[in-house]
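# Structural description and commentary
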Amino acid sequence: MIWRFLARRTVALLATLLVASVVIYGGLFLAPGDPATLLVGGGKPPNPQLLAEIHRQYHLDDPFYAQYWRWLTGMLHGDAGQSLSYHDQVSHLITARIGTTALLIGYATVLIVLFGVSAGVVAGLRGGRTATAVTAATTTLMAVPTFVSAVLLIWLFAVRLNWLPAYGNGTGLADQLTHLTLPAIALAVSWLAYVAQVTRSAVDGEQRAEHVQTARSRGIPERLVVRKHILRNASGPILSVAGVAVAGLIAGCSVVEQTFGLNGVGALLIQSAAKQDLAVVQALALLTVVAFAVVNTLVDLATAALDHRVPVGGAA
Amino acid sequence: MTSYQLASVVGRRARAARLRRLLRGKLVLVAAGAVVALVVLAAVFAPLIAPYDPNAVDPMAVSQGSSAAHWLGTDDTGRDIASRLLHGARPSLLAPLVVTVGAGLVGTALAVAAAWLGGWWDRAITAVLDVVFGFPGLVLAVVGAAVFGAGLKIAVLTLTIAYLPYVARVVRGSALKERNLPYVAALRMLGLGGGRIVLRHVVPNLLPLVLVQTATAFGYTLLDVAAFSFIGLGAQPPTAEWGLMVAQGAPGILAGAPQESLYAGLAIVVFVVACSLLGAGLSQRLTGGER
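Nothing here was measured: the structure is a model prediction, and the numbers come from that model.

### Some details on the overall build of chain B
Scanning chain B from terminus to terminus reveals ten helices and zero strands. Helices (α) and strands (β) of chain B occur, in sequence order from the N terminus, as α-α-α-α-α-α-α-α-α-α. Counting the 291 residues in chain B, one finds 45% classified as buried. Considering only contacts in chain B between residues 6 or more positions apart, those separated by 24 or more positions represent 68%.

### Regarding the side chain of Asp122(B)
Inspection of the secondary structure assignment puts Asp122(B) in helix α4 (residues 119-133). In contact with Asp122(B), other than residues within four places in its own chain, are Ala114(B) and Arg172(B).

### Details of the interface of chain B and chain A
If you look at the interface, chain B gives 34 residues, while chain A gives 37 residues. Carbon and sulfur atoms make up 86% of the surface buried where chain B meets chain A, a total of about 3,000 Å² over both sides. Three residues, Ala146(B), Val147(B) and Ile253(B), lead the burial of chain B against chain A; their summed loss comes to 16% of the area buried on that side. Applying the counting criterion to the chain B and chain A interface returns two residue pairs in polar contact (both at pLDDT 80 or more). Looking at the side of chain B that touches chain A, the elements that each hand over two or more residues are α4, α5 (137-148), α8 (194-230), α9 (242-254) and α10 (259-287) of chain B. For the side of chain B that touches chain A, the element with the highest residue contribution is α5(B), accounting for eight residues. Looking at the side of chain B that touches chain A residue by residue, the classes come out as 29 nonpolar, five polar and no charged.

### A word on the nonpolar core
The biggest cluster of nonpolar side chains holds 146 residues, and the ones touching the most others in it are Phe147(A), Trp242(B), Ile268(B) and Phe271(B). Element by element, the count of residues in this core is highest for helix α10 (residues 222-259) of chain A, at 14 residues. Among all residues touching Ile268(B), those that are not within four sequence positions of it are Pro145(A), Phe147(A), Val148(A), Leu222(B), Leu223(B), Ala226(B), Trp242(B), Gly243(B) and Val246(B).

### Quick word on α8(B)
Relative to the 54 Å expected for 37 residues at 1.5 Å per residue, α8(B) spans just 46 Å between its end C-alpha atoms, considerably shorter than the ideal helical length. Positive backbone phi, at 95 degrees, marks Gly232(B), one or two positions downstream of α8(B).

### Examining the UniProt feature "transmembrane region" (unreviewed entry) in chain B
Residue and element names in this part refer to chain B. On the UniProt side, "transmembrane region" (unreviewed entry) is annotated at positions that read residues 27-50, 93-117, 124-148, 154-171 and 263-282 here. With 100% helix and 0% strand, residues 93-117 has its two end C-alpha atoms placed 36 Å apart. Across residues 263-282, the secondary structure splits into 100% helix and 0% strand, with the terminal C-alpha atoms separated by 28 Å.

### Looking at the packing of aromatic side chains
Residues and elements named next belong to chain A. This structure, assessed with the given rule, holds 13 aromatic pairs over all chains. Both rings, one in Phe 157 and one in Trp 163, keep their centres 5.7 Å apart while their planes meet at 40 degrees; by these two values the pair is tilted. Judged by its relative accessible area of 21%, Phe 157 falls in the partly exposed class. With a centroid separation of 5.9 Å and an interplanar angle of 65 degrees, the aromatic rings of Trp 191 and Tyr 194 are classed as edge-to-face. Within this pair, Trp 191 and its partner Tyr 194 are both found in helix α8 (residues 173-208), separated by three residues, close to a single helical turn.

### Concerning the UniProt feature "transmembrane region" (unreviewed entry) in chain A
Residue and element names in this part refer to chain A. Here the UniProt feature "transmembrane region" (unreviewed entry) sits at residues 12-31, 104-125, 132-157, 177-196, 237-260 and 280-299. Here residues 104-125 runs as 100% helix and 0% strand, with 31 Å between its end C-alpha atoms. This span, residues 177-196, is 100% helix and 0% strand, and a straight line between its end C-alpha atoms measures 24 Å.

### Topic: a nonpolar patch on the surface
All names here are of chain B. A grouping of Val 40, Leu 41, Val 44, Phe 45, Leu 48 and Ile 49 is seen on the molecular surface, where their side chains present a nonpolar patch of about 570 Å² in accessible area. Secondary-structure elements contributing two or more residues to the nonpolar patch are α1 (3-44) and α2 (46-49). For the nonpolar patch, the element with the highest residue contribution is α1, accounting for three residues. One can find Ile 49 in helix α2.

### Comments concerning the UniProt feature "domain: ABC transmembrane type-1" (unreviewed entry) in chain B
Look at the UniProt record and you will see "domain: ABC transmembrane type-1" (unreviewed entry) annotated at residues 93-279 of chain B. Annotated as 85% helix and 0% strand, the span residues 93-279 of chain B places its first and last C-alpha atoms 16 Å apart.

### Thoughts on a positive patch on the surface
A cluster of basic residues, Arg223(A), Arg227(A), Lys228(A) and Arg232(A), forms a positive patch on the protein surface. Structurally, Arg223(A) is set in helix α10.

### Considerations on the pattern of salt bridges
In the structure shown here, the tally under the stated rule is six salt bridges over all chains. Its salt-bridge partner being Arg208(A), residue Asp204(A) comes within 3.2 Å of it at the nearest N-O pair. Taken as a pair, Asp204(A) and Arg208(A) lie in helix α8 at a separation of four residues, close to a single helical turn. One salt bridge connects Asp75(B) with Arg79(B), and the closest N-O pair in it is separated by 2.9 Å. By relative accessible area, which is 2% here, Asp75(B) ends up buried. On the basis of relative accessibility, which here comes to 9%, the residue Arg79(B) falls in the buried class.

Reading guide: rules and limits
Residues numbered from 1 in each chain as written. Chains lettered and ligands numbered in written order. Predicted model: local features only at pLDDT ≥ 70, side-chain atom pairs only at ≥ 80, totals over all residues. Heavy atoms only, no water. Helix = DSSP H or I, 4+ residues; strand = E, 2+ residues; numbered from the N terminus. Buried < 20%, exposed > 50% of the residue type's maximum accessible area, 1.4 Å probe, protein only. Contact = heavy atoms within 4.5 Å. Buried area = accessible area lost by both parts, 1.4 Å probe. Polar contact = N/O pair within 3.5 Å; in protein donor to acceptor, adjacent residues only side chain to side chain. Nonpolar A, V, L, I, M, F, W, Y, C, P; charged D, E, K, R; others polar. Core = buried A, V, L, I, M, F, W, Y, C linked by side-chain atoms within 4.5 Å. Expected span 1.5 Å × (residues − 1). UniProt positions renumbered as here; feature names shortened; annotations may be inferred. Phe/Tyr/Trp six-rings, centres within 6.5 Å; stacked < 30°, edge-to-face > 60°. Patch = residues over 30% accessible without salt bridge, like charges linked within 9 Å, V, L, I, M, F, W, Y side chains within 5 Å. Areas by Shrake-Rupley, 256 points an atom, 1.4 Å probe, with all protein chains shown as cover. Salt bridge = Lys/Arg side-chain N within 4 Å of Asp/Glu carboxyl O. Lys, Arg positive; Asp, Glu negative; His and termini not counted. Charge placed at Lys NZ, Arg CZ, Asp CG, Glu CD.

Next up, the structure:
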């Protein structure tokens, strides 16, 4: 049963990704303008012979499906073509930057799990004033967009207090982590607030559940009640919302990298979109969609594995 | 104390608590509504209220702090920040309005069509929306900007598409339930056509749900539009727009002139908090849930 569920989700994932790749490639294929003209550059109308040569070299006259197929098989082999604006292999551009982005997302995930979940658990268990305070704080934080919190953090911690660097990547792991602290907080903060809220309400719901009250009335020590009855049952929704948060971080890191001048793939995506550098945008858009879809599918699978009430067999 | 007295005391206490809760809820709702109304009025009457032309540069008054002449100071080309915030409210509010209304209309139409026609149509519409759902809004906007060039119109179009599945998923579920209600069968038996039942009966019944969804989403849509402008894929300079203002003021932060970024950021946050409080309050009222 679980294997069938796994197989079905994998097939659905692959189908979605295939369609997404057609959409991404097709959308950019339809872009007005001749990429060859962009490649030659300059204001004068370029020499038609040169254009024809470039067309032949980059297979620009092939039909759509042939070009799409070449692109897709290239992508699967790690060859994403040439960037017209950076004059480099797209795969080089990406491998040089993906580490920073991965580190940033990892850092933000740690912050979310560490502070978001624990704030939610404490608020859910204590209730009363603590819960009100956490709810008020998280509601406000959720309305602060990433770019505004980024700007506020730079202003407060980099300019006024001068505690942490505001721009650049840094070198070496320790220095990199110092440089990534403010970006990671900016990236994490609104998701952290969201995770805290969901955690609070999940824990609060379990607190009131009959089986917990029964456990308490049977004199089971509070520590055990919390661990075995409340937290274990609340872990499903917490896990799934944390997964949604990680998927959100993948989409959100562009803004943060751009603001803090980090040399990551997110900033590269935005900059190449502004320059209309199609090869880079195609590769990175596909990469982002793949990461996003894989994380979402993993979360679904983990939720189903944790909670046996989620129907894994028949139609949902 | 007799049980009657006890009941009356308990009743009075419960009534007082309920009244307090209602008042508190109402106070927040009224305050949020007032903020939203003020900002909307400011956007509508910006040319009349704004003390300066939002694009008038003044080389003699660059990056100034607050003063009597410039209440919120000036930006790095000497433009009046207060005037730019007032004028900036127009695109900052209009763009997300177009997105939410557009996604609400098209999403509802698709969802109702899928639920009503069922079968192959339902599967096709749901599959297409699932693919869209797989794209983070930012990726769609980036692809749109790469194809057509960066601009607010493209950002609005791509965001509208990105929001469609969110609207359609919720509405489709309710439309399915609605379709199976006895009154629909009764109308059919009366000999009414499908189109008429859908337009005159089913859609009006779904309207409150769609409105609540749209109102709640508006604030978050505003954040998304502002974020696109911030990263350079939305409104383009010299337009006065809040997200773009945060970006343009960012270099000033390190130079000790953070006013443009901070005030524009503050405008966004205050307005969005007010919007989400208003949306939450309204949805509680409309759905009748008093929790």
